[in-house]
Amino acid sequence: MDLPVIGNAQAAGGCASGGCGSAPDALAHLPDHIRLKVQDHPCYSEEAHHYFARMHVAVAPACNIQCNYCNRKYDCANESRPGVVSELLSPDHAIRKVLAVAAAIPQMTVLGIAGPGDPLANPSRTFETFRQLSEKAPDIKLCLSTNGLRLPEFADEIAKHNIDHVTITINCLDPRVGAQIYPWIFWNKRRIRGEEGAAILIAQQQMGLEMLVARGVLVKVNSVMIPGVNDQHLKEVSRVVKAKGAFLHNVMPLIAEAEHGTYYGLMGQDSPTSAELQALQDECAGDMAMMRHCRQCRADAVGLLGEDRGAEFTLDKIADMDLDYGAAMAKRKEVREALVEQMAAKRGAPSTQPAMAELAPVGTRPVLMAVAAKNGLVGEHFGHAREFLVYEAAPEGVRFIGHRKVDLYCGGLDSCGEGDAEPESILDKTIAALSGCEAVLCSKVGFEPWGRLEAAGIAPNGEHALEPIEEAVTAVYREMLAAGKLAKPVAARKRA
Ligand code: CLF
Ligand code: SF4
């Protein structure tokens, strides 16, 4: 059977517990029935996102609140990045599209509704889509992302449709903070502004969270980090939602560009730097699971997180596809089971690298490294990377920190940078995006970027091509240790 080639799942599970002998099972502490729900959900399990794909259908155009980081021309920024507009689908079209994608991408395990507005502000379109799908493709997990305003009203309906993954965007618990984020909500047929509106939204979100947890739904909380508005407050949000039973907290950076025409974009509100985001995620973490692999994907995204195959499945294209979902379902089951086995085998595989604790004395400083990854390996050419995964290596182990999006430096030419539009400015931006990283691991790096990276204090490294990521990061950390580079104080991180 053809399976997607997947590399080392350690990259996902992290290995912060001291040794790197084999990747720990990040889900091992969960009861079996929960583990089964999340082991192939690419957002709820960091490990799974290297193996399993999700798709969104844009069936929900309306919204019932206004967020200062949203422009209604674009997708809901609570769950997706602004800047792209989705092809709006009817429930019937959505079902056709899901079946087509499910047949073509057997590792697509999750269907989410995440906009372009709020799914629960469009309840008939949303639940009709879920209803039809649970009949026609019962092997697909159902997922929903909402601002929470109408959640209590629909908690039973959600449970009835077996939608067992729900994301609520909770940016605050204090209406004074909320009034700086939400200028108004639409509630009981009228527009309510300021703190009064924010207080209603917050109360509804909290009640909705409690009701879903009571019904056995796995709740992920998304929070948008807005420097100077809710960044300090989010630690309290994390503590409270965890106490109420949220499964995962995803702190996402505000995206505020003037060209998006949002209130924050136009007023020049700062977005957080990568270092600020990481620091807040670490502070929120405690013993709560934090999501760090979110790609702020669009409301019609298709594929593995970080990739977008939506253009292969437009309405025109799927109209011509022959669908036999019965046959596809059998194939999907086979692929899913094989991937779960592949994940388990990777977890159990002994590492070729010695345990980190044996390499570096405690107190040795940590190092951030960027990786041009493909299929869980150091598998991408520097110039072909659209994102870099960032790992922290320390005596305690190697852990995944997040990702940095970049523009494509090399437009498909053999020699990176030559013949591309403004490669210099792209390279400048990439180097800025990699701020704080001391090495960049790729399958290959061109001559021009090599020199520029070195000059910026980021050591290019093409010597671990096609190795599992975590082992390669461990090896480079060991080389730095042997070269005496880890004794100096931590360099001040530049603003990304
Ligand atoms: Fe979609 Fe969201 Fe479900 Fe995932 S996305 S509705 S939970 S299936 Fe995932 Fe995309 Fe981040 Fe959302 S990476 S934006 S967290
Ligand atoms: Fe925009 Fe989503 Fe906020 Fe509605 S909930 S205003 S669609 S970001």
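Residues numbered from 1 in each chain as written. Chains lettered and ligands numbered in written order. Predicted model: local features only at pLDDT ≥ 70, side-chain atom pairs only at ≥ 80, totals over all residues. Heavy atoms only, no water.

### Concerning the pairing of strand β1 (residues 53–56)
Burial along β1 is two-sided: the residues Ala53 and Met55 and Arg54 and His56 are all buried. One ladder, built from four bridges, connects β1 with strand β3 (residues 108–113); its direction is parallel. Looking at the pairing, His56 lines up with Gly112 of β3. (Buried < 20%, exposed > 50% of the residue type's maximum accessible area, 1.4 Å probe, protein only. Helix = DSSP H or I, 4+ residues; strand = E, 2+ residues; numbered from the N terminus. Pairing = 2+ DSSP bridges.)

### Looking at the packing of aromatic side chains
Within this structure, the stated rule accounts for six aromatic pairs. An angle of 70 degrees between the planes, with centres 6.2 Å apart, marks the rings of Phe382 and Tyr409 as edge-to-face. Note that Phe382 is positioned in the loop between β11 (367–371) and β12 (387–394) and Tyr409 in the loop between β13 (397–405) and α14 (423–433), a separation of 27 residues in sequence. In this structure Phe382 comes out as buried when scored by relative accessible area, which is 2%. Accessibility expressed as a relative area gives 2% for Tyr409, which makes it buried. (Phe/Tyr/Trp six-rings, centres within 6.5 Å; stacked < 30°, edge-to-face > 60°.)

### A short note on the side chain of Lys220
Looking at where Lys220 falls in the secondary structure, it is placed in strand β8 (residues 218–225). The buried category is assigned to Lys220, whose relative accessible area is 2%. In this structure the side chain of Lys220 is engaged in a polar contact, spanning 3.1 Å, whose partner is the side chain of Thr167. (Polar contact = N/O pair within 3.5 Å; in protein donor to acceptor, adjacent residues only side chain to side chain.)

### Examining the pattern of salt bridges
Taken as a whole, this structure holds 23 salt bridges when the rule is applied. Residue Arg399 pairs with Glu392 through a salt bridge whose shortest N-O separation is 3.0 Å. Overlapping salt bridges, with partners in common, bring together Asp282, Arg292, Glu392 and Arg399 in one network. (Salt bridge = Lys/Arg side-chain N within 4 Å of Asp/Glu carboxyl O.)

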